[in-house]
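# Architecture at a glance
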Amino acid sequence: METFNKETTAYERASKRVKELKEFYGNLTSFCIVIPFLAFLNLMTAPGYLWFLWPMMGWGIGIAFHAVSIFGIGKSWEEKKIKELMEQEKRNIKTL
């Protein structure tokens, strides 16, 4: 019964991670589609003022923070610690 709970918890954690990655890549894909369109629109209508740089910088900063939250030091440390604790628990169960 306890093994089932651990597997369920691991599955839920992995599922959450996949959802986070999917959201990040969706955000990045949108950025890569919308910003070139805005640049084209800007250059065709008012090439003297490059206003598309403002949304590009704002959205880019948002993507950078999103990337840090997904791939940053905090997440990798957390994942390593979880794996370490899971391995320790497996060893403890085997010694019983």
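The structure under discussion appears in the preceding block.
Because the structure is a prediction, the values reported are computed rather than measured.

Attention now goes to the overall build of the protein. Along the backbone of the protein there are three helices and zero strands. When the helices and strands of the protein are placed in sequence order, the string is α-α-α. Expected size for 96 residues packed as a compact globule is a radius of gyration near 12 Å; at 21 Å, the protein overshoots this value by more than 25%. Overall, the protein is about 75 × 20 × 10 Å in size when its C-alpha atoms are taken along their principal axes. With 96 residues in all, the protein has 11% of them scored as buried. Here the analysis covers contacts within the protein between residues at least 6 apart in sequence; of these, 70% occur between residues at least 24 apart. Summed over its atoms, the accessible surface of the protein is roughly 7800 Å², and 70% of this surface lies on carbon and sulfur atoms. Separation of charge centres in the protein, based on 13 positive and 10 negative side chains, amounts to 3 Å.

For the rest of this paragraph, the subject is the nonpolar core. Counting residues in hydrophobic clusters, the biggest one holds eight residues: Phe24, Phe31, Ile35, Leu38, Ala39, Phe52, Ile63 and Ile70. For this core, the secondary structure elements donating two or more residues are helix 1 (2-45) and helix 2 (53-71). Element by element, the count of residues in this core is highest for helix 1, at five residues. Setting aside residues up to four positions removed in sequence, Phe31 forms contacts with Pro36, Met56, Trp59, Gly60 and Ile63.

Criteria and cut-off values
Residues numbered from 1 in each chain as written. Predicted model: local features only at pLDDT ≥ 70, side-chain atom pairs only at ≥ 80, totals over all residues. Heavy atoms only, no water. Helix = DSSP H or I, 4+ residues; strand = E, 2+ residues; numbered from the N terminus. Rg over C-alpha atoms; globule rule 2.2 N^0.38 Å. Buried < 20%, exposed > 50% of the residue type's maximum accessible area, 1.4 Å probe, protein only. Contact = heavy atoms within 4.5 Å. Areas by Shrake-Rupley, 256 points an atom, 1.4 Å probe, with all protein chains shown as cover. Lys, Arg positive; Asp, Glu negative; His and termini not counted. Charge placed at Lys NZ, Arg CZ, Asp CG, Glu CD. Core = buried A, V, L, I, M, F, W, Y, C linked by side-chain atoms within 4.5 Å.

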